[in-house]
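Observations on the model geometry
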Amino acid sequence: MRIPASVPDSLITTCQAARLVLPGEVAFSHETAALLCDLPVPDCLAAAASSGLATRCG
C-alpha cells in the first residue's frame, strides 16, 4: 500500500490504508486496538506506535 506524503503519518492513517488491502475478517488487536480506541497503554508502546516500530516494554 502507498500513502501520499501529503497525508499526515499516524497509526489511524496506516490502519485505514491497511484495511483497504486486508481481508474483511482481519481485525486489529492488542496494542494497536487499544491505541485506536484511545485506551491507556504503557508509554513505550505509545512511542513505538508513533514511530511505526514494533517493540517490547521492559
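A brief structural summary. Worth saying up front: this structure is predicted, and the values here are computed from it rather than measured. (Residues numbered from 1 in each chain as written. Predicted model: local features only at pLDDT ≥ 70, side-chain atom pairs only at ≥ 80, totals over all residues. Heavy atoms only, no water.)

Turning to the overall build of the protein chain, a few remarks are in order. Across its full length, the protein chain carries three helices and zero strands. The buried share of the protein chain, reckoned over its 58 residues, is 14%. Carbon and sulfur atoms form 58% of the exposed surface of the protein chain, whose accessible area is close to 4,700 Å². (Helix = DSSP H or I, 4+ residues; strand = E, 2+ residues; numbered from the N terminus. Buried < 20%, exposed > 50% of the residue type's maximum accessible area, 1.4 Å probe, protein only. Areas by Shrake-Rupley, 256 points an atom, 1.4 Å probe, with all protein chains shown as cover.)

What follows is about unusual backbone geometry. If you check the backbone angles, His-30 has positive phi at about 55° while not being a glycine. Among the structural elements, His-30 can be located in helix 2 (residues 30-36). Classification of His-30 as exposed rests on a relative accessible area of 65%. One non-glycine residue, Asp-38, adopts positive backbone phi at about 60°. You can see Asp-38 is positioned in the loop between helix 2 and helix 3 (43-51). We classify Asp-38 as exposed; its relative accessible area is 70%.

That's the geometry; what it means functionally is another story.
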